[in-house]
Amino acid sequence: MSAQTPRPLRRVLIAGGGIGGIATALALQQRGIDSIVFERAPQLRDGGAGLHIWTNGMLALDHLGVADQVSAIAPAQSACNFATSAGRTIGTWPVGQFVQRYGQPTVAIGRSDLHGILRDAVSAPVVTGAEVTGYTEHDEGVSLHFADGTSEDGDLLIGADGVRSAVRAQLLGPQPPDYTGYIAWRGHAELSPEEFPPGTFQALFGPGTRFTYYDIAPGVVHWMSVADGPAGGRDEGTPEQTLDMLRARHAGWADPMVRRILDATVPESILRGDVLDRKPDPVWGRGRVTLLGDAAHAMSFNIGQGACQAIEDGLVLAGHLVSGAGVPRALRAYEAERRERTGPMQVLAHRIGVLGSLQNPAAVWLRDRFMALTWNKTFQSTERDHVAYGARWKSGATTSV
Ligand SMILES: Cc1cc2nc3c(=O)[nH]c(=O)nc-3n(C[C@H](O)[C@H](O)[C@H](O)COP(=O)(O)OP(=O)(O)OC[C@H]3O[C@@H](n4cnc5c(N)ncnc54)[C@H](O)[C@@H]3O)c2cc1C
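An account of the accompanying structure is given in this report.

Criteria and cut-off values
- Residues numbered from 1 in each chain as written.
- Predicted model: local features only at pLDDT ≥ 70, side-chain atom pairs only at ≥ 80, totals over all residues.
- Heavy atoms only, no water.
- Helix = DSSP H or I, 4+ residues; strand = E, 2+ residues; numbered from the N terminus.
- Rg over C-alpha atoms; globule rule 2.2 N^0.38 Å.
- Buried < 20%, exposed > 50% of the residue type's maximum accessible area, 1.4 Å probe, protein only.
- Contact = heavy atoms within 4.5 Å.
- Areas by Shrake-Rupley, 256 points an atom, 1.4 Å probe, with all protein chains shown as cover.
- Lys, Arg positive; Asp, Glu negative; His and termini not counted.
- Charge placed at Lys NZ, Arg CZ, Asp CG, Glu CD.
- Salt bridge = Lys/Arg side-chain N within 4 Å of Asp/Glu carboxyl O.
- Expected span 1.5 Å × (residues − 1).
- Pairing = 2+ DSSP bridges.
- Axes fitted to C-alpha atoms, helices over the stretch in contact; angles between N-to-C directions.
- Core = buried A, V, L, I, M, F, W, Y, C linked by side-chain atoms within 4.5 Å.
- Near = heavy atom within 4 Å.
- Polar contact = N/O pair within 3.5 Å; in protein donor to acceptor, adjacent residues only side chain to side chain.
- Phe/Tyr/Trp six-rings, centres within 6.5 Å; stacked < 30°, edge-to-face > 60°.
- Lys NZ or Arg CZ within 6 Å of the ring centre and 35° of its normal.

Turning next to the overall build of the chain. If you tally the helices and strands in the chain, you get 13 helices and 17 strands. Rg of the C-alpha trace for the chain: 21 Å, near the compact-globule value of 21 Å for 401 residues, within the 12% margin. Over its C-alpha atoms, taken along the principal directions, the chain stretches across nearly 70 × 45 × 40 Å. Residues counted as buried form 52% of the 401 residues belonging to the chain. Once local pairs closer than 6 in sequence are excluded, the contacts in the chain between residues at least 24 apart make up 75%. Carbon together with sulfur atoms contributes 53% to the accessible area of the chain, which is approximately 16900 Å² in total. In the chain, 36 side chains carry a positive charge and 41 a negative one; their mean positions are 6 Å apart.

Written out as structure tokens, the structure reads:
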């Protein structure tokens with residue numbers, strides 16, 4: 001083989017078996033590249049919460065060959081409705097139109113359902129109970145090190161190990177993610193399709209607190225209550241007491257569905273988490289090591305794109321790895337392409353979170369008016385800047401990578 005011809009990849013190491021890591025293993029598999037995933041958790045599973053998968057994410061999942069399985073369980077959303085806690089409509093986004101324009105709907109799905117569909121499609125080995133602690137790079141590859149003192153070798157390393165990534169800490173330094181100032185409580189309620197119209201998405205804005213709900217499977221409604229507060233707190237008491245606290249927080253909200261959903265909630269389903277993000281980073285990798293998903297571009301939930309972007313990352317990265325450029329150049333090309341896409345999303349999601357956290361009544365009044373006035377424009381820019389990107393993966397479309 002000449003010095004100019006990169007040798008074929010034998011094995012890609014992936015740290016982290018979340019949605020990003022597993023989707024990447026599937027994207028590599030499609031390109032004929034072997035990989036192995038190392039997951040810290042003793043079992044491969046994702047949390048009980050729900051995810052909004054925009055049409056760009058669905059187009060990426062379609063390219064990975066799993067959109068039909070997702071659509072079989074995930075309700076397609078017809079419209080995303082936004083209103084104030086007092087019941088004043090802010091606006092409606094007709095996201096149901098996307099299926100005509102792009103061939104895939106915007107859906108909502110249980111996080112573990114999506115994770116399971118991806119996992120079932122992947123034939124790469126997934127090693128659980130494998131906590132990555134660091135890596136060593138050589139001229140021809142990377143050794144990945146684990147908490148039990150063992151190591152594994154591969155041609156390159158993808159750090160898909162989430163917002164507190166160990167790979168990232170070694171690569172870029174140990175700076176923790178930023179706390180946004182608000183906390184999310186998530187849970188699910190059991191409500192029949194007669195009680196809860198399928199495909200409904202509702203986001204309600206109050207002073208310093210928000211409530212969002214949508215169905216993630218027939219008869220299962222996922223909800224999220226967000227409130228400002230200090231980092232690192234926990235709910236004392238039983239799950240029932242947490243539910244009572246949430247009922248009190250949203251008491252008097254105009255939409256009667258809020259109370260109905262909380263009353264139909266399985267208390268044990270409630271999860272609490274500080275919402276974290278990061279500012280865009282100018283560097284995501286060096287040599288044969290790169291980052292992907294939340295490890296690379298942690299963004300708050302406010303635009304519902306974090307998981308969608310992790311899936312897109314995997315497809316783009318796999319495309320660059322078969323470009324013939326050689327590993328370091330392929331990784332840098334992937335990073336440059338994806339930084340341009342995800343950086344503005346990190347910033348936008350953060351800004352929306354700041355608006356959502358406003359507590360002062362005058363500021364809240366102005367926010368709600370501002371959102372209503374800019375509504376149509378915001379929908380157009382969301383479609384243009386976030387959704388339309390996925391058209392590159394529409395069946396028959398030509399893609400650069
Ligand atoms: C409240 C909330 C709502 C959200 N809603 C949406 C939404 O509607 N739509 C959307 O697209 N996104 C949403 N997101 C964002 C989305 O959840 C994330 O962007 C997505 O899960 C990132 O996937 P990932 O694989 O990069 O990271 P993760 O899902 O965090 O997976 C990382 C994996 O790496 C493992 N790991 C960590 N450290 C190690 C280690 N040292 N060694 C080995 N394994 C390790 C972890 O156990 C985990 O399995 C939301 C996030 C939050 C918090």
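It is worth spelling out the pattern of salt bridges at this point. By the definition in use, this model includes 16 salt bridges. Between Arg 338 and Asp 313 there is a salt bridge whose closest N-O contact spans 2.6 Å. Of this pair, Arg 338 sits in helix H11 (residues 327-356) while Asp 313 sits in helix H10 (residues 306-321), placing them 25 residues apart in sequence. Accessibility expressed as a relative area gives 0% for Asp 313, which makes it buried.

The next subject is H10. For an α-helix, the turn length of 3.6 residues means that residues three or four places apart are oriented alike. If you check H10, its first and last C-alpha atoms are 23 Å apart, about what 16 residues at 1.5 Å a residue would give, namely 22 Å. Along H10, 16 of the 16 residues are buried, which leaves the element largely enclosed by surrounding structure.

Glancing now at the pairing of strand E8 (residues 132-137). Sheet topology places E8 next to strand E9 (residues 142-146); five bridges connect them, and they run antiparallel. Counterpart to Val 132 in the pairing with E9 is Phe 146. Between the antiparallel neighbours E8 and E9 lie four residues.

The seven strands are arranged E5-E4-E13-E14-E15-E12-E16 in an open sheet whose pairing can be described as mixed. On the outer flanks of this sheet lie strand E5 (89-93) and strand E16 (271-277), each paired with one strand and no other. Neighbour-to-neighbour, the strand axes of the sheet open up by a mean angle of 20°, direction not taken into account. Summarising the sheet, strand E12 (residues 178-190) and strand E15 (residues 220-228) pair through nine bridges and their orientation is antiparallel. Pairing of Arg 186 across the sheet is with Met 224, part of E15. Lying on the sheet, H11 is in contact with E12, strand E13 (200-206), strand E14 (209-217) and E16; it crosses E14 at an angle near 125°. Its contacts with the sheet put helix H12 (residues 361-373) on strand E4 (79-84), E5 and E13, and the angle it makes with E13 is roughly 145°.

Once that is clear, we can look at the nonpolar core. Counting 84 residues, the largest nonpolar core has Leu 61, Leu 64, Leu 114 and Leu 118 as its most contacted members. Setting aside its immediate chain neighbours within four residues, Leu 61 contacts Ile 53, Val 66, Ala 67, Val 70, Leu 114, Leu 118 and Ile 311.

As a further point, take the site of the ligand. The ligand sits among 30 residues. The nearest are Gly 20, Glu 39, His 52, Arg 111 and Asp 294. Taking Val 132, its main chain carries an N or O atom lying 2.9 Å from a nitrogen atom of the ligand. In this structure, Ala 307 approaches the ligand through a main-chain N or O atom, which is 2.9 Å from an oxygen atom. Computed on the free molecule, the ligand has an accessible area of 1000 Å², of which 86% lies beneath the protein chains in the complex.

Read from one edge of the open sheet, three strands run E8-E9-E10, paired in antiparallel fashion. The open sheet has two edge strands with one neighbour each: E8 and strand E10 (151-154). Strand after strand, the sheet turns through a mean of 25° between neighbouring axes, direction not considered. Judged from the four bridges that link them, E9 and E10 form a sheet pairing that is antiparallel. Counterpart to Val 142 in the pairing with E10 is Gly 154.

Let us look at the packing of aromatic side chains. On inspection of all chains with the given rule, the structure shows 17 aromatic pairs. Taken together, a centroid distance of 5.8 Å and an interplanar angle of 70° make the contact between Tyr 389 and Trp 393 edge-to-face. In this pair, the class of Tyr 389 matches that of Trp 393, namely buried. Taken together, the ring pairs in this structure connect Trp 54, Phe 82, Trp 93, Phe 98, Tyr 102, Phe 201, Phe 205, Tyr 214, Trp 375 and Phe 379 into an aromatic cluster. Arg 341 extends its terminal NZ or CZ atom over the ring of Tyr 389, reaching a point 3.8 Å from the ring centre. For Arg 392, the ring lying beneath its charged end belongs to Trp 393, and the centroid distance is 5.9 Å.

Attention shifts here to the side chain of Arg 168. Topologically, Arg 168 is positioned in helix H6 (residues 166-172). Exposure remark for Arg 168: the relative accessible area of 2% places this residue in the buried category. A polar contact is formed between the side chain of Arg 168 and the side chain of Asp 281, at a distance of 2.7 Å. Polar contacts involving the side chain of Arg 168 include one to the main-chain carbonyl oxygen of Ala 295, which spans 3.0 Å. Here Arg 168 is in contact with Gly 173, Gln 175, Arg 278, Asp 281, Leu 291, Ala 295 and Ala 296, once residues within four sequence places are set aside.

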